[in-house]
Amino acid sequence: MLNNWAVLKRWSNLFVLIGVSFSGSLLFLLKRPAWWPLLIALIPIGLAFSAGHFPFRRVGFDWVVGVFGLTAILGLWTAYDPTSALQKFLILIASILLSYSIVAQKTGDEQLIGFLLIGLGCAISAAFLWAHDWRAQPADYEWINRLGRSWEAVRPPIITWRTAPNKVGGVLATLFPYTIAVVWANLPSSKCVPGGWGRGILALLAGLLIAVGLLMSSSRGAWLSLTFASLLWLLALVYWRIQARLRPLARWLLRISGMLLGAVVAVLIFSRIQTFVHWFDRLPGLASGQSRAEIATNSLRLVVDFPFSGGGLNSFSGLYSQYIQSIPYYLFGYSHNFYLDVAIEQGVIGLVSLVLIFGISLFVGFRNLYREDPAPRSLSLMRNATLVALMTMLLHGFVDDAFYGEMGTPLVFLFPGLSIYLANENPGFLGGNHSHRRYGEFVLAVIALMAFGLMWVFPKVGSYWNTNLAAVQMAKLQLKDFPSGRWQLGAEGEEWNSIEKTFLRAIEQNSQNRPAVYRLGLIAMMRMDFTKAADFLTLAYQLDPGHRGTIKNLGYCYIWLGQPEQALSFLKKIPEARQELEAYTGWWGLQGRPDLAKKAAQMLKLLQ
């Protein structure tokens, strides 16, 4: 009986998909790490294996997914909070399993998958509308707040779910195209099986619910991302229709022109990024473009601090507060940028592997769009919807992080899996071809050898490697109780001495190593060796005058050295300096340093 069940690949693979989806949902909803939800996914997988059926398919980026997984495992070791890191790691594992379980689904099940995605969108939208508090977390637009508060007055209090509306908006924006695809596939002229009218009406109602949730999230980033992705899809469609009628030479010239135009537009965007940020802030609603650009600029400095290993899974909040803001409490949970979050937590290698996965998926999505083979209407529409969804996710990743930030979601690799599944290719392209696998393994080996070769050949690379290792150990010591709400003194003992020696070795290899110099200044500050701290922090400021943590700590260092005029030029850039100095006037007294408490009071008068 077991064999008869498992041999039916459609049902076997569908049960695996359902099990993985349920498992990922539980991991996401749980507030603590737990291995047992993965058993729900492993049960149908194990049953399929026991019957001799492998419930997954190889894909073209298997080895890249492997690299990403290795950087996630490394992120478990580097994280200052192993518990939250483990929870995020399990969710990432669920997202990888979900992607592969979708790829393994039977050809012709695209409408079923479309309805599952629409159902997911409905569940997220309904939960958000039923639980969000527009008083505690107001929207960017007052008319949305009025609608939300009116709805709150009549809805029954069934569930509570506190989440960022921008994240909800980002996810719903990627799922909305599937409602259009399913509705269109079930129009009266559709050649689908009987019952299309009913499915179309159901999908239309679901689409309205998702649209309402997307609207009430007031996420301008999600709205714009979906709009621009739709425009890009339409442009690609027009381009395909035009080039299909051209001769080979004209087609080649059109492609070259398109690539040059794309390059010019990209250069223009990046060279005028502040202008685009200004335009974004001028949109109706609360100004947030400038603040997000500032967060992204500061977050980029954390990538430089942990380039090889990353700072650890779910570690952004502590790293940003401690080493950028220089505060002992929680401020931001993520950088509002998908790509920066991955680079900060899993290192540059993790980011490169992620970009490769999505780059291959995007290539497959566009190739699906340009294919000339006859395909069922539902399949063609799902391909188009997935391409729009994928582009929406990638564009939204530049202004927010709905899928990976903080604990992450099981949907990180949903759209790459859908792109490969809908390609409906032979095993050769999807990874079954041994030459493709050998080529991937060879490239991976070359990259690894180059990385280690650079580390030993070039002193600067070795310097940043030492800094990365010491910075990880320092974060584990400083942030083990984060957010403690208390300033730290001390930095004594063998562990701290070892960290200091590693940083000193790093600046011997490269005197321009800002992360090492900055952290040596922080260590000296904790030891109250303010003269030594000023030397290191001054050098760090010369290397990076825009680093907020350096500016703030150097300002305080000058206060404790009795140089308030010099401190003033730094601390006037720090909005929270007055409040902190008020606290310092009492805190230093409790530490047995009334002289420093007096200096804090004097500086407070200067700032006022």
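In case you missed it, the structure is sitting above this.
Residues numbered from 1 in each chain as written. Predicted model: local features only at pLDDT ≥ 70, side-chain atom pairs only at ≥ 80, totals over all residues. Heavy atoms only, no water.

1. As for the overall build of the protein
Line of reasoning, step 1. Looking only at helices and strands, the protein has 27 helices and zero strands in total.
Line of reasoning, step 2. Looking at the protein as a whole, 50% of its 608 residues are labelled buried.
Line of reasoning, step 3. Counting contacts in the protein only where the partners sit at least 6 residues apart, residues at least 24 apart contribute 75% of the total.
Line of reasoning, step 4. Approximately 28900 Å² of the protein is accessible, and the part contributed by carbon and sulfur atoms is 67%. (Helix = DSSP H or I, 4+ residues; strand = E, 2+ residues; numbered from the N terminus. Buried < 20%, exposed > 50% of the residue type's maximum accessible area, 1.4 Å probe, protein only. Contact = heavy atoms within 4.5 Å. Areas by Shrake-Rupley, 256 points an atom, 1.4 Å probe, with all protein chains shown as cover.)

2. Quick look at the packing of aromatic side chains
Line of reasoning, step 1. Taken as a whole and assessed by the stated rule, the structure comprises 25 aromatic pairs.
Line of reasoning, step 2. Ring centres of Phe308 and Trp465 lie 5.3 Å apart, and the angle between their planes is 75 degrees; this geometry places the pair in the edge-to-face category. In this pair, Phe308 sits in the loop between helix 13 (289-305) and helix 14 (316-325) while Trp465 sits in helix 20 (residues 459-478), placing the two residues 157 residues apart along the sequence.
Line of reasoning, step 3. Aromatic side chains Phe338 and Tyr404 sit 6.4 Å apart centroid to centroid with 55 degrees between the ring planes, which places their arrangement in the tilted category. In this pair, Phe338 is assigned in helix 15 (residues 338-370) and Tyr404 in the loop between helix 16 (377-396) and helix 17 (414-423), connecting sequence segments 66 residues apart. (Phe/Tyr/Trp six-rings, centres within 6.5 Å; stacked < 30°, edge-to-face > 60°.)

3. Regarding the environment of Leu362
Line of reasoning, step 1. In this structure, Leu362 sits in helix 15.
Line of reasoning, step 2. Overall, Leu362 belongs to the partly exposed group, its relative accessible area being 23%.
Line of reasoning, step 3. Note: C-alpha distance between Leu362 and Val388 (26 residues apart in sequence) is 10.0 Å.

4. Here we look at the environment of Phe54
Line of reasoning, step 1. Tracing the sequence through the fold places Phe54 in the loop between helix 3 (36-50) and helix 4 (62-78).
Line of reasoning, step 2. For Phe54, a relative accessible area of 46% puts it in the partly exposed group.
Line of reasoning, step 3. For Phe54 and Ala104, which are 50 residues apart along the polypeptide, the C-alpha to C-alpha distance reads 9.4 Å.

5. Comments concerning the packing of helix 15 against helix 17
Line of reasoning, step 1. At a closest axis distance of 9 Å, the pairing of helix 15 and helix 17 adopts a crossing angle of 35 degrees. Judged by the twist between their axes, the crossing of helix 15 over helix 17 is left-handed. Where helix 15 approaches helix 17, its residues Ile357, Phe358, Ser361, Val364 and Asn368 are matched on the opposing element by Pro416, Ser419, Ile420, Leu422 and Ala423. (Axes fitted to C-alpha atoms, helices over the stretch in contact; angles between N-to-C directions. Left-handed = near helix turned anticlockwise from the far one by under 90°.)

6. Focus: the nonpolar core
Line of reasoning, step 1. Formed by 85 residues in total, the largest nonpolar core has its most connected members in Tyr178 and Phe415.
Line of reasoning, step 2. A per-element tally of this core places helix 16 first, with 11 residues.
Line of reasoning, step 3. Excluding residues that lie within four positions of it along the chain, Phe415 makes contacts with Thr174, Leu175, Tyr178, Thr386, Ala389, Leu390, Met393 and Phe403.
Line of reasoning, step 4. Formed by 64 residues, the second largest nonpolar core is a distinct cluster that contains Ala470, Leu520, Leu537 and Leu571. (Core = buried A, V, L, I, M, F, W, Y, C linked by side-chain atoms within 4.5 Å.)

7. Focus on unusual backbone geometry
Line of reasoning, step 1. Cis rather than trans, the peptide bond between Phe482 and Pro483 has omega equal to -5 degrees.
Line of reasoning, step 2. In this structure, Pro483 sits in the loop between helix 20 and helix 21 (494-509).
Line of reasoning, step 3. The backbone of Asn314 sits at a positive phi, close to 55 degrees, despite the residue not being glycine.
Line of reasoning, step 4. Turning to its location among the elements, Asn314 is positioned in the loop between helix 13 and helix 14.

8. Points about helix 24 (residues 548-560)
Line of reasoning, step 1. Its 13 residues give helix 24 an end-to-end C-alpha distance of 19 Å, which sits within 8% of 18 Å, the value for a rise of 1.5 Å per residue.
Line of reasoning, step 2. Across the 13 residues of helix 24, 13 count as buried, placing the element largely inside the fold.
Line of reasoning, step 3. At the exit of helix 24 stands Gly562, carrying a positive phi of roughly 80 degrees. (Expected span 1.5 Å × (residues − 1).)

9. Let's talk about helix 17
Line of reasoning, step 1. Within helix 17, 10 of the 10 residues are buried, leaving the element largely enclosed by the surrounding structure.
Line of reasoning, step 2. Among all positions in helix 17, only Leu414, Phe415, Pro416, Gly417, Leu418, Ser419, Ile420, Tyr421, Leu422 and Ala423 are buried.
Line of reasoning, step 3. Taken from the residues just after helix 17, Asn424 is the one with a positive phi, measuring 55 degrees.

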